[in-house]
Amino acid sequence: MGDVVSSHLDESRREMITARTRDVMTQFGDLYEKQYAVALFNFVRFEIEGGGGAQSQLLHRKDPLAGHTIFSGSLFQYLEENRKWRNRFVFIPNSYAINLYESKAAHDRNLHPKISINCAGYKALTSMEEYMELLNSSLPEIKAKPSNAPFIKCPTQFPLILWHPYARHYYFCVVTEKEQKKWHAVLQDCVRHSNNALSEENTVQTPAFTDSVRRYRQVKGHYGTWEMMCGSPPQILANLVLETLQPELRNAIGPRLKGKLQDRQRKWMLISDAVYRQVLTQTNGQYAALVNACEAQKPSLDARLRGDMDMLVTTKEHVIGKIRALVMPKAEQLLRSSIQSYLGSILEALMEPTSRGFAEVRDTFFKEVVEISKNSLNGGGKDKLGEQLERLSMLAFHPVKMQSGYQQMQQLNLEGLQQRFDVSSPNVFVSRAQILMREQMDNAVFTFEQLLHRALEAQGEEDLCKNIQKCQDRVIKKYDYDSSTVRKKFFREALLQIIIPYMLQQLAPSCTPELPRFQELIFEDLSHFLLVENMYEEVVLQSVSKDIMMAVKDAAVQRRHNLYRDSIVLTNSDPNLHLLEETPSVDWGAKFGSDGGEGGEEKGFRGRRKQVVSMIQLEGLPIPYESCLEVPGVELIPEEDGDFAEDDSEENEENPGPSENPKSPDSVTQIRDLINPVVEVVLPGPEDATTGTETTNGTITMEDGLQEEVTHVTTIQKELQDEAAIQRAIKEMEMAVQEEDSEQASDEHAADASDTESQPLATDCGSRNDDSGFQSPTNEAETITNGSDPTADLVD
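Note that this is a predicted model, so its numbers are computed, not measured.

**Let's talk about the overall build of the protein chain**
Then, in step 1: A tally of regular secondary structure across the protein chain gives 23 helices and 11 strands.
Then, in step 2: For the protein chain, buried positions account for 48% of its 796 residues.
Then, in step 3: Within the protein chain, contacts between residues separated by at least 24 positions form 76% of all contacts whose residues are at least 6 apart in sequence.

Spelled out as structure tokens, the structure:
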């Protein structure tokens, strides 16, 4: 496949790609330098004048994932090099990068991962049909027929695919539907976090970058929301380059691809990934140089800003007044004729799933705290309490626990509005709302921890349940208030993101040509900080902000979706509560952990708590056991209550026969029995045989004709009173082996009942008391279940 890439991406074409990337970065760099000065002016002005929204009632934790990892487990990966599936150990640190290792031992030895995946821009899929639909859209001229099979043949019915419009695709699979759901939730969380890579704390670089990207796309005629505005700045810039470059390459290279449909699709994916990596490498270096150049000028720009702030503010207000006189009549006409009638329907479409999602988050937090209260009432002990509080601490970052809230937001439907207002996809708003849900959950958990910790220090542990209840009530009240504030802000921002691009596009033909004459009103030394285009957009925003504010306010006044009115201000009974934000997270394991000689076990217990979600893998077992399995007591936060008991009962109902994919053994004895299976065989022996276990080397022929190696023989001998009874029993057992399975058990039971005095000799490799009921890996034809009649497995 390397020849395919080199043949279609020769030196001249690579030079063309480099030149196109350089041109885009040059145009973007000019815009960024201007927007950087404007963003710095807005930041300094805000710093001097102050202001801001309502203060949050919940506490905010600065670095919630410090010292934690997210996930680890095993799954199967498809290797495109040899077109085979191989088991891989997956480790996800708190950066949410997906690191793939050959085995867990390779990870434990701190070796470099085989592959490290940054999930920005990816989509996590769970069906080959959905993947093929997206794949066919990448090559419009090469479409698969419905009957065509994909070039990837998944060995199980539960695939997991990471799809990207430009970069390499990754294929995984698991063996059960339950594993697929959990892995899918984890992969979605990785994508969600990686897409949200622009830091809001960087109040100069981030606004300058986003405004530059938006203005660049507007110059190219793209005014609507952009789904590929995700990831770090270099990744977004690579997407910006490929937005126009990839269609050109596809039209030039696509018709030249040879082979079958699947081969052409695979070849195009390899070419697209090579182009993406080349562009990303270039944008990384050039963006870093651009930021360094702007940061070097920041001290001098800051000094000029603070000296000329009054003149800058006065000049800006004067120019905005002139622009408003030109734009407002046209904007108000457009607003009345094409926008006002849609505000209510857009807002309702946003409010319904968003409010349900925040309500689910509230219920999840409530249920977790109730479980902690139950444990304190039932005398669960300090160790159990510390374990539950540690689980609660990472609740916001547990993708399976948070999935119920996330799924509510995924039901957002803007169909009918997307075409009118040029909304590329509702995923932009879905991802933003899910990030806000996670932030609110973490704020609620952190506030509860701080309140409970302070109450325990002041009052002790005597009224633990009462203190938990009081802290819970306070946090729920604060969550309801903050949830209303956050949702109202989200609704206003979403409406602006939908409506403002539409208004700018409609007003551009009549207003944009008039803007250059306003530049003459700005002094030359102030022109770096005051851009006419930015002031024009501010005027358009002001024209529609009043209607948007009134629409959200009316929804709050009517108490729709549990929104609070703006006039309601929740007074804080504890003015010093926000001082606790500087306090680090409580180490509940240290506070309630056991002391003394159990130090080694306690250290290991805390070590497992460092991982938010834990799934184990069993090294050295056959492939089905290598898949990600759960073990009770190891998983940090169980996804469902009664998880294992329910699953066992369901599997027994659906599959009454032997299980082809047994669950993980729960004890050392069961694991030993899997590695060294125990087979009971009845053989005649000498009368003077004694009871005991002997080491031997030999083989035995089983019922299915296989030769099994024997390493230990355990003989059990009792006094034989009737030689004829023994012979009759042996003959009956030989006949039973040849009969139907249904008749076998009953016949042998009758033979055993008729000859109660006879006791046959037996060979045994271990205790049968710990028989786990798992199918023997070395002899899958024989299954020994717990409590079954031993004579059902007898072989001559």
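**Thoughts on helix H7 (residues 233-253)**
Then, in step 1: Compared with the 30 Å implied by 1.5 Å per residue over 21 residues, the 28 Å span of H7 between its first and last C-alpha is a close match.
Then, in step 2: The sharpest bend along H7 measures roughly 40° and falls at Glu243, with the proline Pro247 sitting one to four residues further on.
Then, in step 3: Most of H7 is tucked away, with 15 of its 21 residues classed as buried.

**Regarding the pattern of salt bridges**
Then, in step 1: Within the structure shown, the criterion is met by 27 salt bridges.
Then, in step 2: Note that Arg45 is salt-bridged to Glu317, the shortest N-O span being 4.0 Å. With Arg45 in helix H2 (residues 11-49) and Glu317 in helix H9 (residues 309-338), this residue pair connects regions lying 272 residues apart in the sequence.
Then, in step 3: A residue is classified by how much of its surface remains accessible, and Glu317, at 43% relative accessible area, is partly exposed.
Then, in step 4: Across the pair Lys123 and Glu227 runs a salt bridge, and its minimum N-O distance is 3.8 Å. Of this pair, Lys123 sits in strand E5 (residues 123-125) while Glu227 is found in the loop between helix H6 (205-219) and H7, placing the two residues 104 residues apart along the sequence.
Then, in step 5: Among the residues examined, Glu227 registers a relative accessible area of 28% and is labelled partly exposed.
Then, in step 6: Each of Asp211, Arg214, Arg215 and Glu537 takes part in a single network of salt bridges with overlapping partners.

**Here's the deal with the packing of helix H14 (residues 427-459) against helix H15 (residues 464-511)**
Then, in step 1: Their axes nearest at 9 Å, the elements H14 and H15 cross at an angle of 155°. As summarised for this structure, H14 and H15 are arranged roughly antiparallel, according to the angle between their axes. For H14 against H15, the interelement crossing comes out right-handed.
Then, in step 2: For the contact of H14 with H15, a count of residues per class yields 19 nonpolar, seven polar and five charged.

**Re the confidence of the model for the protein chain**
Then, in step 1: Averaged over every residue, the pLDDT of the protein chain is 77; the share at 70 or more is 69%.
Then, in step 2: Note that pLDDT drops below 50 for residues 594-609; the model gives that stretch 15 contacts with residues more than four away or on any other chain.
Then, in step 3: In this model, residues 718-722 is a region of pLDDT below 50 whose contacts with residues beyond four sequence positions or in other chains number four contacts.

**Overview of the packing of aromatic side chains**
Then, in step 1: Applying the stated criterion across every chain, the model contains 15 aromatic pairs.
Then, in step 2: Ring geometry for Phe71 versus Trp183: centroids 4.6 Å apart, planes at 80°, classification edge-to-face. Of this pair, Phe71 sits in strand E1 (residues 71-79) while Trp183 is found in helix H5 (residues 177-195), placing the two residues 112 residues apart along the sequence. The same class applies to Phe71 as to Trp183, namely buried.
Then, in step 3: With 5.5 Å between their ring centres and 85° between their planes, Tyr131 and Tyr171 make a pair best called edge-to-face. Here the residue Tyr131 occupies a position in helix H4 (residues 128-138), and Tyr171 occupies one in strand E7 (residues 170-174), the gap between them amounting to 40 residues.
Then, in step 4: Residue Tyr171 is classed as buried on the basis of its relative accessible area of 2%.
Then, in step 5: Taken together, the ring pairs connect Phe28, Tyr32, Tyr36, Phe209 and Tyr287 into an aromatic cluster.

**Some remarks on the pairing of E1**
Then, in step 1: Burial within E1 is extensive, with nine of its nine residues counted as buried.
Then, in step 2: Neither face of E1 is exposed, since Phe71, Gly73, Leu75, Gln77 and Leu79 on one face and Ser72, Ser74, Phe76 and Tyr78 on the opposite face are all buried.
Then, in step 3: Inspection of the sheet shows E1 paired to strand E2 (residues 84-92) by nine bridges, in the antiparallel sense. Residue pairing in the sheet places Ser74 in a bridge with Phe89 of E2.

**Let's talk about helix H10 (residues 340-377)**
Then, in step 1: Taking 1.5 Å per residue, 38 residues should reach 56 Å; H10 reaches 56 Å between its end C-alpha atoms and fits that length.
Then, in step 2: Once H10 finishes, Gly379 follows within two positions and takes phi at roughly 70°, a positive value.

**Points about the side chain of Glu179**
Then, in step 1: Tracing the sequence through the fold places Glu179 in helix H5.
Then, in step 2: The exposure class of Glu179 is buried, given its relative accessible area of 6%.
Then, in step 3: Within the local environment of Glu179, its side chain forms a polar contact with the side chain of Thr176, the two groups lying 2.9 Å apart.

**A look at the environment of Leu198**
Then, in step 1: On the secondary structure map, Leu198 appears in the loop between H5 and H6.
Then, in step 2: Residues Leu198 and Thr210, spaced 12 residues apart in sequence, show a C-alpha to C-alpha distance of 9.1 Å.
Then, in step 3: Not counting residues up to four positions away in its chain, the partners in contact with Leu198 are Thr206, Phe209, Thr210, Met229, Gly231, Pro233 and Ile236.

**Details of the nonpolar core**
Then, in step 1: In this structure, Tyr32, Ile98, Ile117, Leu162, Val327, Phe365 and Phe448 are the most contacted members of the largest nonpolar core, which totals 165 residues.
Then, in step 2: Contact partners of Ile117, with chain neighbours within four places excluded, come to Ala97, Ile98, Leu100, Tyr122, Leu162, Tyr170 and Phe172.

**Notes on unusual backbone geometry**
Then, in step 1: Of note in this structure, Arg83 is not a glycine but carries a positive phi near 55°.
Then, in step 2: With respect to the helices and strands, the residue Arg83 is situated in the loop between E1 and E2.
Then, in step 3: The exposure class assigned to Arg83 is partly exposed, which follows from its relative accessible area of 46%.
Then, in step 4: The backbone of Asn110 shows a phi angle near 60°, a positive value even though the residue is not glycine.
Then, in step 5: Looking at the element boundaries, Asn110 is found in the loop between helix H3 (104-108) and strand E4 (115-117).
Then, in step 6: Take Asn110: its relative accessible area is 70%, and that puts it in the exposed class.

**Some details on the packing of H10 against helix H11 (residues 382-393)**
Then, in step 1: Contact geometry for H10 and H11: axes closest at 10 Å, N-to-C directions at 170°. One way to sum up the angle between H10 and H11 is to call them roughly antiparallel. Residues Phe365, Glu368, Val369, Glu371, Ile372 and Asn375 of H10 pack against Lys384, Leu385, Gln388, Leu389 and Leu392 of H11.
Then, in step 2: Residue composition of the contact of H10 with H11, by class: six nonpolar, two polar and three charged.

**So, the sheet that holds strand E6 (residues 158-163)**
Then, in step 1: With respect to topology, seven strands assemble into an open sheet ordered E4-E3-E2-E1-E7-E6-E5, the strand pairing being antiparallel. The sheet is open, and its two borders are formed by E4 and E5, each paired with just one other strand. Here the average twist between neighbouring strands, direction ignored, is 35°.
Then, in step 2: The pairing of E5 with E6 spans three bridges and is classified as antiparallel. By the bridge assignment, Lys123 is partnered in E6 with Trp163.
Then, in step 3: Sitting on the sheet, H5 touches E1, E2, strand E3 (98-101), E5, E6 and E7, and the angle it makes with E6 is about 15°.

About the cut-offs
- Residues numbered from 1 in each chain as written.
- Predicted model: local features only at pLDDT ≥ 70, side-chain atom pairs only at ≥ 80, totals over all residues.
- Heavy atoms only, no water.
- Helix = DSSP H or I, 4+ residues; strand = E, 2+ residues; numbered from the N terminus.
- Buried < 20%, exposed > 50% of the residue type's maximum accessible area, 1.4 Å probe, protein only.
- Contact = heavy atoms within 4.5 Å.
- Expected span 1.5 Å × (residues − 1).
- Bend = angle between axes of the 7 residues up to and from the residue.
- Salt bridge = Lys/Arg side-chain N within 4 Å of Asp/Glu carboxyl O.
- Axes fitted to C-alpha atoms, helices over the stretch in contact; angles between N-to-C directions.
- Parallel < 35°, antiparallel > 145°, perpendicular 65-115°, else oblique.
- Left-handed = near helix turned anticlockwise from the far one by under 90°.
- Nonpolar A, V, L, I, M, F, W, Y, C, P; charged D, E, K, R; others polar.
- pLDDT = per-residue confidence, 0-100.
- Phe/Tyr/Trp six-rings, centres within 6.5 Å; stacked < 30°, edge-to-face > 60°.
- Pairing = 2+ DSSP bridges.
- Polar contact = N/O pair within 3.5 Å; in protein donor to acceptor, adjacent residues only side chain to side chain.
- Core = buried A, V, L, I, M, F, W, Y, C linked by side-chain atoms within 4.5 Å.

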